[in-house]
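So you can see what is in the structure, the chains are spelled out below.
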Amino acid sequence: MSTEAGTRPRIATVSLAGCFGCHMSLLDIDERILELAELVEIHKSPIVDRKTFAARCAVGLIEGGCCNAENVETLRAFRDHCDVLVSVGDCATMGGIPALRNRVPLKECLDEAYLSGPSTVNPTGRIPDDPELPLLLDRVYPCHEVVPIDYHVPGCPPPADALWAAVQALLSGEDPVLPYALLKYD
Amino acid sequence: MTAATEVDRLVATHGSEPPALMDIARDIQAAEGCVSPERQRQIAERLDMRIAEVRAFVGFYSFLTEEPQGSIVIRLCDDVVDRMKGFDRVRDAFEEALGVSVGETTPDGAITLTTTPCIGLSDQAPAALIGDVPVPFLSSDRARDIVSSLRVHADPTRLVTRMGDGKNRHPLVRSMVRNNLERPGTFIFGPEYRGEAIRKALSMTPFEVIRTIKTARLRGRGGAGFPTGMKWEFTRVARGARKFIVCNADEGEPGTFKDRVILTELPDRVIAGMTVAGYALGAREGLFYLRGEYAYLRPYLEDVLERRRADGLLGRDILGKRGFDFDVEIRMGAGSYLCGEETALLNSCEGRPGDARDRPPFPAESGYLGFPTSVNNVETLCCVAKILEHGAATFAELGLQQSTGTKVLSVSGDCTRPGIYEVPFGTTLEAVLEMSGGEGAGAVLVGGPSGTWVNPEGFGRRIAFEDLATGGAIVVFGPDRDLLVALEGYADFFAEESCGYCTPCRVGTQLIQRYLQRFREGRADQGDLDGLLRVARTLKTTSRCGLGQTAGNPVLTTLQSFSQVLEAGLPAVGTRRAAFDLEASVAGARALRGGDHV
C-alpha cells in the first residue's frame, strides 16, 4: 500500500550535540525503513538534506542536547514547526557525554582542547574564533530545559525496536508506552 | 617514628577495634587539623581495617578532613533561622576580619572559617561553634571581637565571657549557651528523684517493666513515634549473646534543641531511663551517641556517669541487685545529620560512615555489631524514668489517646520568647504561639524541614501523633517572611546532608535546589512546578532512608498550605522554557572570544 506524497504525515529529525548514533539506530530498523518511507514523508533530516522547514511536521525527533547557540536555534525551529517533539537518546534527554564538560569552566575546556592538551599541535596559539562559529553555551543543556519536549526515549542509543515502536505509536495517535523489554540494557 | 607512636597511644586509649575509629580520628583531627592519608594508613593498620574504609569514614563526617584545617575552626551555623537572624552580616564580618572567605583558612594556618547546618542553638541565633565552644547571639561586632581575641590567645575556651543559665554554669560545662527553659512542664522537667526509677524497675520483673511502658502508651520522641514498649519487647525476645541500649542524642533536625537542654539539666534522668531499659531488655551495655556539635557537654556527661557508678546506679550489681550489671559508654558523632537515623547511628558507632542500613533486619533483631539493640531518643528515655517514678497511669492521663504524656518543644524563629516548652500532647499550635510570643505568625514549620508547613488557618491544629507529629522543632515565620527563601535554605540542607548512596536522594535533592532557584529568580514556568513535584514525590517513594523520603516534604507541604508561594504568577509552558536564557548562557563564550569578533 502506498500513500500519495503530500498526504503522508511529515516527520523531521536532527542531531544537535550528539554523535549520530541515534540516527544510526534509526537506520537499524532495517527493512522496516521501507515501511517507514511509505508511512511518512521525511521532511527535514540529515538523510534528506533540507536546510530549513518548508512545512509543518507531525513529529520531530531530536538527537543530542544543546551545546551551542546554533543548537538552540535549531531546536527552537523544531519546536515551532513540529506538533510533537521527542528527545531521542541520552544526550537529548540528559545531556549525555557532551555534558561531561558541565563541571569544567568553559575556558579550561577550550584551553585543553586547543592549547595545552598533551596531543595538541597549534602553532598559532589561538582558540578558533571565526565569527561563523556558533558561540558555546555555558554548559550543555538537555533539550527539555530549552523548549518543552513531549516525549523522551532513553538509551544510548535507544534500540531500533524502541524507536520503531515509538514512531509507530505517535503516527497512529497513541501514547507511546514502551514495554520494559525495550528499555532494559543488560 | 614519633608519628606512628601517636596512633599507638590513641589505640591504647580508645581500643584496637573499628568502633574506636571515631575517637581516634577525632583526637587526631583536633591535634593535627586533619586526618592525613598517612594517618589513615596507620589507623587502618592498627585497627585491621582497609585504608579505603578509613578514608570513606573521614570523608563522610564533616568534622573530619583529609586536608589540613586551621588550628581553630569557626563553624558558622547557617540554618534558616540563623539566616533570618542576621547570618549574612555575621559571615561578612568574620570574612572581613579574617581576610578569608567561607571554606578557607587564614594564610598563617591559624583559623578556618566554614559553615555547618543547625547546631542546636536556634533560640539564640545566629550562632557558631568555635572549636568545640558554642557561641550564641553573634553580631558583626561580636564577630570582630572574637577574631581579635583569637588572634591574641588562640584559645576558644577563653571566648566564654558570660556564662548561660542553669547547669551551663557547671564547672565542667562553662558555656555561654542559655537553656531558655520558658515553660518547664511538671512531668519531664518535674522534680528529680535520683535512683527512684531504677529502684521501682528492680521491684518488678523485666516483663512487668515493659508492660508498664506499654500501659503508658509511650511513643518515641524523635519524631517517628514508634511505640517504645513494642520496640523493647522485640529487642527483649530477640536472641543475642549481647544486647545494647543506645541513647540517640544526635538531634540534627534543623530547629531542634530540646535534647541539648535535657542533657544539660536532666542527664541523670536520661541515664536512668537507659538503665531501666537495660534491666527490662536484659542488656548490660549502653551506648550514648552524642552529636559532635554537643562535644562541649562530654566531660560533664562523663562526670554524671562516673558519679552514678560511684553511687551504685551504674556498673555491677546495680542498687544491690545481684547480676544486674549495666554501664554506659559515650560515643561521639562528628557532624552528620543522617546519624540521627537509628541504623546510620549504629553504623557510625561501629566505625563506619553513617549511612542508613537496609531494613529489615531492624536493630531490635540485628543492631550494634549485629546484636539486638534498642535505640531510643533522649526525651523518650526521660519519659521512661518518669513513668517508672510516677506510674503509667499518671503519664497516660496526660495528652491524647494515641499521644500520651508531654512533649518538649524547641520553639524558635519570629517569636519573642524562643526556647523550650514542655506541653501536654494535644496542645494547639495557637497556644504554643501564644506562650512563645509568636502570635500573628504567617507560617509555622512543625517538625523541621522534614515536617509540615502550617498556615494561619491551621493554627488550631494540635501537637500530637494524630495531627502534627514532631520531634519537637517549631519554627515560627513572621507574616513578612519570604517562604521561598526558607524553602531554598532547607533544600540546601538536604542536598548537603544527602549521603549519596541512592540516586533518588543524591540527584533529587540537587534538582530541588535547582528548581527552587528558578522560582526565586522568577524564571520558572508551569513545567518547572510539574518537574519539582515529580522529583519531590520520587524522593518520597524511592529513597533508601528517611532523609530522602522526607527531603521532598518542604515542597509538598508548602504546596498544600502555601500554594501561592510557588504558583503565584507562574506562566504556562509556551514554546520556550522560561528558565533558559540564551543571551546569558553564551555570555561567557562571547567574553572569551574578545571584542574583535562579535
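It should be emphasised that the depicted structure is a prediction, and the values quoted were computed from it without experimental measurement. (Residues numbered from 1 in each chain as written. Chains lettered and ligands numbered in written order. Predicted model: local features only at pLDDT ≥ 70, side-chain atom pairs only at ≥ 80, totals over all residues. Heavy atoms only, no water.)

Another point: the environment of B:G478. Residue and element names in this part refer to chain B. Position of G478 among the secondary structure elements: in the loop between β13 (473-477) and α18 (483-497). As for G478 and E192, which are separated by 286 residues in sequence, their C-alpha atoms are 37 Å apart. Beyond its immediate stretch of four places on either side in the chain, G478 contacts D414 and G442. (Helix = DSSP H or I, 4+ residues; strand = E, 2+ residues; numbered from the N terminus. Contact = heavy atoms within 4.5 Å.)

All names here are of chain B. Counting across every chain of the model gives 14 aromatic pairs over all chains. For the ring pair F187 and F395, a centre distance of 5.2 Å and an interplane angle of 55° mean the geometry is tilted. Of the two residues, F187 sits in the loop between α7 (140-153) and α8 (196-202) while F395 sits in helix α16 (residues 392-397), which places them 208 residues apart along the sequence. Judged by its relative accessible area of 4%, F187 is buried. Taken together, the aromatic side chains of F57, F60 and Y61 make up a single cluster linked through ring pairs. Over the ring of F63 we find R75, and its NZ or CZ is 4.0 Å from the ring centre. The ring of Y501 carries R544 above its face, with NZ or CZ at 3.8 Å from the centroid. (Phe/Tyr/Trp six-rings, centres within 6.5 Å; stacked < 30°, edge-to-face > 60°. Buried < 20%, exposed > 50% of the residue type's maximum accessible area, 1.4 Å probe, protein only. Lys NZ or Arg CZ within 6 Å of the ring centre and 35° of its normal.)

As far as domains go, chain B holds domain 1 (2-60), domain 2 (72-162), domain 3 (196-397), domain 4 (406-477) and domain 5 (483-567). Taking only C-alpha atoms into account, the centre of domain 1 of chain B sits 37 Å from that of domain 5 of chain B. (Domains from an automatic or database assignment.)

Here chain B averages 95 in pLDDT, and 99% of its residues register 70 or above. For this predicted complex, the interface confidence reaches an ipTM of 0.89, while the overall pTM sits at 0.88. (pLDDT = per-residue confidence, 0-100.)

Let us now look at the sheet that holds strand β1 (residues 10-15) of chain A. Residue and element names in this part refer to chain A. Strand order in this open sheet of 5 strands is β2-β1-β3-β5-β7, and the pairing throughout is parallel. Bordering the open sheet on either side are β2 (41-44) and β7 (151-153), each of which pairs with just one other strand. Put simply, the sheet's adjacent strands are angled 30° from each other on average, direction ignored. As paired elements, β1 and β2 share 3 bridges and run parallel to each other. Looking across to β2, one finds that I11 is bridged to I42. Contacts between helix α3 (residues 69-81) and the sheet are confined to β1, β2, β3 (57-63) and β5 (82-88), with β5 contributing the most and set at about 135° to the helix. (Pairing = 2+ DSSP bridges. Axes fitted to C-alpha atoms, helices over the stretch in contact; angles between N-to-C directions.)

Let us now look at helix α10 (residues 228-237) of chain B. All names here are of chain B. Burial in α10 covers these residues: T228, G229, K231, W232 and T235. Buried residues along α10 cover an arc of 160° about the axis, so they all sit on one side. Those residues of α10 that are buried are in contact with α9 (206-215), α12 (267-281), α14 (342-349), β8 (373-377) and α15 (378-390). (Arc of directions from axis to C-beta.)

What follows is about the interface of chain A and chain B. Reports of interface size often rely on the accessible area that becomes lost once the parts have come together. Listed by partner, the interface residues are 25 residues for chain A and 17 residues for chain B. Taken together, the two surfaces of chain A and chain B that pack against each other cover about 1,900 Å², and 60% of this comes from carbon and sulfur. Contact with chain B buries surface across chain A, with A:R76, A:L135 and A:E145 losing the most and accounting together for 29% of the total. The interface formed by chain A and chain B includes 3 salt bridges. Here A:D80 makes a salt bridge to B:R576, at a shortest N to O gap of 3.0 Å. Linking chain A with chain B are 6 residue pairs in polar contact (both at pLDDT 80 or more), by the criterion used here. (Buried area = accessible area lost by both parts, 1.4 Å probe. Salt bridge = Lys/Arg side-chain N within 4 Å of Asp/Glu carboxyl O. Polar contact = N/O pair within 3.5 Å; in protein donor to acceptor, adjacent residues only side chain to side chain.)

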